[in-house]
Amino acid sequence: MTTRVEPGDEQRDPNLGALLSERRRLLNLGYRLLGSLADAEDVVQETYARWYAMSAREQEAIESPGAWLMTVAGRICLNLLNSARARRETYVGDWLPEPLPEPTEWSTGHAGAGGTDPADRVTLDESVTMAFLVVLDAMTPAERVAFVLHDVFRYPFGEVAEIVGRTPAACRQLASSARRRVRTARSPAGRSAGQAGIVRRFRTAWEAKDIDALISLLDPDAVATADGGGLAVTHPHPIVGSERIARAYAEIARVSGDRTTFLECAVNGLPGLVARQDGNLSTVFAFETAGDRIRRIWAVRNPEKLRPWRIG
């Protein structure tokens, strides 16, 4: 969703330019907190709707419209995170964050995902990798909001407290607890360039159904998780162990045959793969590497989470 500005709007609302300049920041906050680009866009829309629901006098009384927007967006996200816990109980299979589409293939530099307004793009850094988002999803809603606002967006705990509804000291403890979770889960991940080579070798071995080569590229304790949301066929539980993953993926390649092709696209800022079956996008794969091996594979097949992807 892109907010359209008509000629003369800035004269009628002198704050319009400043308000719209916050859009990308709000989208970045929403995606990191919710793990869904669609939900983040809804949060941005709801935040602006609440601003324009106020009278001109109420708007003029707000000293910093940008800070007001971030506060409101943070509270909306917190409410959504609390309600999401109940919704997850009915979700079919494992839930994974919605993969973030990228504009190019990392191997060729050619267009990979559909054109996106720069104002609608999420800024790429470590805080949007699939590994990081999965760790965030394991936190309590209050931990997640306090941590992201303070450690990612550098909000002081006094302002975080107003959003979370706790004392600054309590928010400090929440962020500290979240930080420990991140440190525990973090692996000595290789650089992006190194991951690209590993993912490419994995793709080659997978297409060749070479089980031994696949095993050699996987950490012995590797885990492969898939999210179909009950709308696409996946393995029902995470697959643990290099040999089990290799055999399962070789069987997938055998069954799909020549119907499946791959593009080497960036996924959440790191080299990943996008699978097309019979010409239609079917799966987005994100990877986490440790040293020269793959530690985690996340396969998103839920078609509702793949809507932002437009592969050319």
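Everything numeric here is computed off the predicted structure, so don't read it as measured data.

Asker: What is the right way to look at the sheet that holds strand β7 (residues 280–290) in this model?
Answerer: Sheets are built from strands paired through backbone hydrogen bonds, the pairs being either parallel or antiparallel. The strand order across the open sheet built from six strands is β2-β1-β8-β7-β6-β3, with neighbouring strands paired in mixed fashion. Among the strands making up the open sheet, the edge pair consists of β2 (239–240) and β3 (260–263). Bridge analysis of strand β6 (residues 273–277) against β7 gives five bridges, and the strand direction is antiparallel. Counterpart to L273 in the pairing with β7 is F285. Against the sheet, helix α13 (residues 242–256) makes contact with β1 (218–227), β2, β3, β6, β7 and β8 (293–300), and its axis sits at roughly 50° relative to β1, the strand it touches most.

Asker: So what exactly am I meant to see when it comes to the pattern of salt bridges here?
Answerer: If the charged atoms of two oppositely charged side chains come close together, the side chains can form a pair. Applying the stated criterion across every chain yields a total of 14 salt bridges. E264 is the salt-bridge partner of R203, the closest N and O atoms lying 3.4 Å from each other. Taken together, the residues span a long stretch of sequence, with R203 in helix α11 (residues 192–207) and E264 in the loop between β3 and β4 (266–267) at a distance of 61 residues. Judged by its relative accessible area of 5%, E264 is buried. Its salt-bridge partner being R295, residue E288 comes within 3.6 Å of it at the nearest N-O pair. By relative accessible area, which is 10% here, E288 ends up buried. Several salt bridges share partner residues, and in doing so they unite R200, R203, E207 and E264 into one network.

Asker: So what exactly am I meant to see when it comes to helix α8 (residues 141–152) here?
Answerer: Taking 1.5 Å per residue, 12 residues should reach 16 Å; α8 reaches 16 Å between its end C-alpha atoms and fits that length. Among the 12 residues of α8, 10 are classified as buried, and the element is accordingly described as predominantly covered. For α8, the full list of buried residues reads P141, A142, E143, R144, V145, A146, F147, V148, L149 and D151. Close packing links the buried residues of α8 with α3 (23–34), α6 (65–88), α7 (130–137), α9 (157–164) and α10 (168–185). One or two steps after α8, the chain reaches R154, where phi turns positive at roughly 60°.

Asker: I'm lost on the pairing of β7 in this one. Help?
Answerer: Here is the key point about a regular strand: its side chains alternate between the two faces of the sheet. Within β7, nine of the 11 residues are buried, which leaves the element mostly enclosed by the surrounding structure. Across seven bridges, the pairing between β7 and β8 is antiparallel. What sits directly across from V284, in β8, is V300. Hairpin connection from β7 to β8: two residues lie between these consecutive antiparallel strands, with G291 at a positive phi of about 65°.

Asker: Would you explain empty space enclosed by the protein in this entry?
Answerer: Space left empty within the atom packing is revealed by a probe, the size of a water molecule, rolled over the atoms. In the structure shown here, the tally under the stated rule is one cavity of 30 Å³ or more. The volume enclosed by the largest cavity comes to roughly 40 Å³. Taken together, T129, M130, A131, Q195, V267, N268, L270, A286, F287 and W298 form the lining of the largest cavity. For the lining of the largest cavity, the secondary-structure elements that each account for two or more residues are α7 and β7. Per-class residue counts for the lining of the largest cavity are seven nonpolar, three polar and no charged.

Asker: Please clarify how the packing of α6 against α9 should be interpreted in this entry.
Answerer: Each pair of packed helices gets described by two things: the angle between the helix axes and the distance between those axes. At a minimum axis separation of 8 Å, α6 and α9 run at an interaxial angle of 50°. If you check the angle between α6 and α9, you find them oblique. Once α6 is placed against α9, the crossing between them reads as right-handed. Contacts between α6 and α9 involve M70, T71, G74, R75 and L78 from the first element and E162, I163 and V164 from the second. Taken together, the residues that form the contact of α6 with α9 break down as four nonpolar, two polar and two charged.

About the criteria used
Residues numbered from 1 in each chain as written. Predicted model: local features only at pLDDT ≥ 70, side-chain atom pairs only at ≥ 80, totals over all residues. Heavy atoms only, no water. Pairing = 2+ DSSP bridges. Helix = DSSP H or I, 4+ residues; strand = E, 2+ residues; numbered from the N terminus. Contact = heavy atoms within 4.5 Å. Axes fitted to C-alpha atoms, helices over the stretch in contact; angles between N-to-C directions. Salt bridge = Lys/Arg side-chain N within 4 Å of Asp/Glu carboxyl O. Buried < 20%, exposed > 50% of the residue type's maximum accessible area, 1.4 Å probe, protein only. Expected span 1.5 Å × (residues − 1). 1 Å grid on protein atoms, 1.4 Å probe; cavity = no way out; pocket = protein on both sides within 12 Å on 5 of 7 lines; lining within 4 Å. Points joined across faces, edges and corners; volume = space filled by probe spheres on them. Nonpolar A, V, L, I, M, F, W, Y, C, P; charged D, E, K, R; others polar. Parallel < 35°, antiparallel > 145°, perpendicular 65-115°, else oblique. Left-handed = near helix turned anticlockwise from the far one by under 90°.

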